[in-house]
Amino acid sequence: MARYLDRFVRRHMNALRLARWGVPARIEAGTPLVVYCNHPAWWDAAILIVIGDRLFSDRACYAPFDAAMLERYGIFRRIGAFPVDLESRRGATQFLAASRAILAGPGRALWITAQGRFSDSRARPLGLKPGIVRLPEIAPTTLFLPLALEYAFWEERGAEAFCAFGAPIPAADLLALPRHERLARMETALTDTLDRLSADVISRDAGRFETLVSGRRGIGGVYDGWRRFASMLTGQRFESGHRPELQRALPRQEPET
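If you're wondering where the values come from, they're calculated on a predicted model, not measured in any experiment.

Novice: I'd love a proper account of helix α2 (residues 44-55), names of residues and values included.
Specialist: Taking 1.5 Å per residue as the helical rise, α2 with its twelve residues ought to reach 16 Å, and the 16 Å between its terminal C-alpha atoms agrees with that figure. Of the residues making up α2, those classed as buried are D44, A46, I47, L48, V50, I51 and G52.

See below:
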C-alpha cells in the first residue's frame, strides 16, 4: 500500500518536501510513539502513509479512522487503521481502548490528525481534540511528536506537499500538567512547528527542504511532446519543468518498478 501511494503521490503531485530543520529526532526503537498533526486536506492520509514508510519504516503504524468511512474503504484496516465512531460519545471509548492496546506494544507508532476535522493550516487556534491529552495517562512511556502539514502551488502544475516535525514531548512532561494545560502545551508545540513551516513555504526556496518524493513536472501530453522533439532537433537537453534550474536543484527519485 505504501508503494502504491508513493506512486500515486508522484503521479498527482509535484513533490513531497521535508523541512531541513524538521527532520524527526532519533527515537529509540522500543519507545512507543504518538505522531499528532494538523488536518489541512484530503491528501493527508496518503501523505502520512508515505512519510511513515520513508521515515519510520522500522515501526508498525496505526491510525484512528472514521468508522463510517472505514466501512467504505476497508483496505485501510489492513494497514493499521482502526474504527472510531465520530457521531457518538462511544467513539472516545473506542479510541482510548484501541490506543491503549497499540501503545502497549514496543516499536509502534500511533498517527493522529488531532484536529479531527479539515482545517486550513493557517487557522488559529488549531483546536486540537481534547481526547489526545488522555494518551499520556494510558501510555506513560510514550513520546509525542508534533507534525506540521501544508500544501501549496509553486512553479509547476502539481501541488507541493510540505511537512516538518517538532521536538518530541515525553509523556512524563505532559503528565506533570493538568489536562487543560497539557492540551495547551501540545497545541503550542504544533502551532510553532506550523508557523515555522509556513514561513519556509512562503519563501518558495526549495533549498530549505529535502525532497522525499519527486513527482512529474511539466504540462505533459502533446505540448511536452512537441517541446521534447524541438529539443532533439536543436541538440538541447529537454527540461520538462517550468523552472529548469529548480528541477535540477532537486534530487529526482525514479519510481519503483
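Novice: Please provide a residue-by-residue account of the packing of aromatic side chains, values included.
Specialist: Scanning the entire structure with this criterion turns up nine aromatic pairs. Plain terms: the ring middles of W42 and W43 are 5.4 Å apart, the flat faces sit at 85° to each other, and that makes the pair edge-to-face. On the accessibility criterion, W42 (62% relative accessible area) is exposed. In textbook terms, an aromatic cluster arises when at least three aromatic residues are bridged by ring pairs, as seen for Y4, F8, W42 and W43.

Novice: Pulling in residues and values, what's your account of the packing of helix α1 (residues 2-12) against α2?
Specialist: Any two packed helices are characterised by how steeply their axes cross, that is the angle between the axes, and by the distance between the axes. At a minimum axis separation of 9 Å, α1 and α2 run at an interaxial angle of 120°. As judged from the angle between their axes, α1 and α2 are oblique. Crossing angle aside, the handedness with which α1 passes α2 is left-handed. Residue-level inspection shows A2, L5, D6, V9 and R10 of α1 in contact with α2, the latter providing A46, I47, I49, V50, D53 and R54. The residue makeup of the contact of α1 with α2, split by class, is seven nonpolar, no polar and four charged.

Novice: Can you lay out the confidence of the model for the protein for me, pointing to particular residues and giving the numbers?
Specialist: Mean pLDDT over the protein: 87, with 84% of residues reaching 70 or higher. Of the regions scoring below 50 in pLDDT, residues 219-224 engages in six contacts with residues more than four places distant in sequence or in other chains. Predicted confidence is poor over residues 245-257, with pLDDT under 50, and the contacts of this stretch with residues over four places away or in other chains come to 28 contacts.

Novice: Summarise the nonpolar core; cite the residues concerned and give the values.
Specialist: Of all hydrophobic cores here, the largest spans 38 residues; its most connected members are Y36, L110, I132, L135, F144 and L197. The leading source of residues in this core is helix α7 (residues 179-203), at seven residues. Look past the residues within four positions of F144 in its chain and what remains in contact with it is V34, Y36, L135, P136, A167, P168, I169, A171, L174 and M186. Within the second largest apolar cluster, 29 residues are counted, among which are W43, I47, F56 and L145.

Novice: I'd like a rundown of the pattern of salt bridges, residues and numbers included.
Specialist: In total, this model carries 13 salt bridges according to the counting rule given. The partner of E137 in a salt bridge is R134, with the nearest N and O atoms 3.2 Å apart. When its relative accessible area of 30% is taken as the criterion, R134 is described as partly exposed. Each member of the salt-bridge network shares a partner with another, and the members are R134, E137, R179 and R182.

Novice: Describe unusual backbone geometry, and please don't skip the residues or the numbers.
Specialist: In the segment running from R124 into P125, the intervening peptide bond is cis, with an omega of -5°. Examined against the element boundaries, P125 turns out to sit in the loop between β5 (108-113) and α5 (135-138). The phi angle at R204 is positive, at roughly 55°, despite the residue not being glycine. Given the relative accessible area of 44%, R204 is considered partly exposed.

Novice: How would you sum up a nonpolar patch on the surface? Please name residues and give values.
Specialist: A cluster of nonpolar side chains, M1, Y4, Y73 and I75, forms an exposed patch at the surface whose accessible area comes to about 370 Å². Its place among the elements puts Y4 in helix α1. On the basis of relative accessible area, Y4 is assigned to the partly exposed category, the value being 41%.

Novice: I'd love a proper account of the layout of surface pockets, names of residues and values included.
Specialist: The space that makes up the largest pocket amounts to roughly 1,700 Å³. Looking at the largest pocket, it is lined by 50 residues, and the ones nearest its centre are A63, P64, F65, D66 and T113. Of all elements in the fold, only α1, α2, β3 (60-66), β4 (81-84), α4 (90-103) and β5 reach the threshold of two or more residues within the lining of the largest pocket. Classifying every residue of the lining of the largest pocket gives 34 nonpolar, eight polar and eight charged.

Novice: Let's hear about a positive patch on the surface: which residues, and what values?
Specialist: Side chains of R3, R7, R11, R157 and R216 sit close together on the surface and give a patch of like positive charge. Here R216 is to be found in the loop between β9 (209-214) and α8 (221-234).

Quick notes on the rules
Residues numbered from 1 in each chain as written. Predicted model: local features only at pLDDT ≥ 70, side-chain atom pairs only at ≥ 80, totals over all residues. Heavy atoms only, no water. Helix = DSSP H or I, 4+ residues; strand = E, 2+ residues; numbered from the N terminus. Expected span 1.5 Å × (residues − 1). Buried < 20%, exposed > 50% of the residue type's maximum accessible area, 1.4 Å probe, protein only. Phe/Tyr/Trp six-rings, centres within 6.5 Å; stacked < 30°, edge-to-face > 60°. Axes fitted to C-alpha atoms, helices over the stretch in contact; angles between N-to-C directions. Parallel < 35°, antiparallel > 145°, perpendicular 65-115°, else oblique. Left-handed = near helix turned anticlockwise from the far one by under 90°. Contact = heavy atoms within 4.5 Å. Nonpolar A, V, L, I, M, F, W, Y, C, P; charged D, E, K, R; others polar. pLDDT = per-residue confidence, 0-100. Core = buried A, V, L, I, M, F, W, Y, C linked by side-chain atoms within 4.5 Å. Salt bridge = Lys/Arg side-chain N within 4 Å of Asp/Glu carboxyl O. Patch = residues over 30% accessible without salt bridge, like charges linked within 9 Å, V, L, I, M, F, W, Y side chains within 5 Å. Areas by Shrake-Rupley, 256 points an atom, 1.4 Å probe, with all protein chains shown as cover. 1 Å grid on protein atoms, 1.4 Å probe; cavity = no way out; pocket = protein on both sides within 12 Å on 5 of 7 lines; lining within 4 Å. Points joined across faces, edges and corners; volume = space filled by probe spheres on them. Lys, Arg positive; Asp, Glu negative; His and termini not counted. Charge placed at Lys NZ, Arg CZ, Asp CG, Glu CD.

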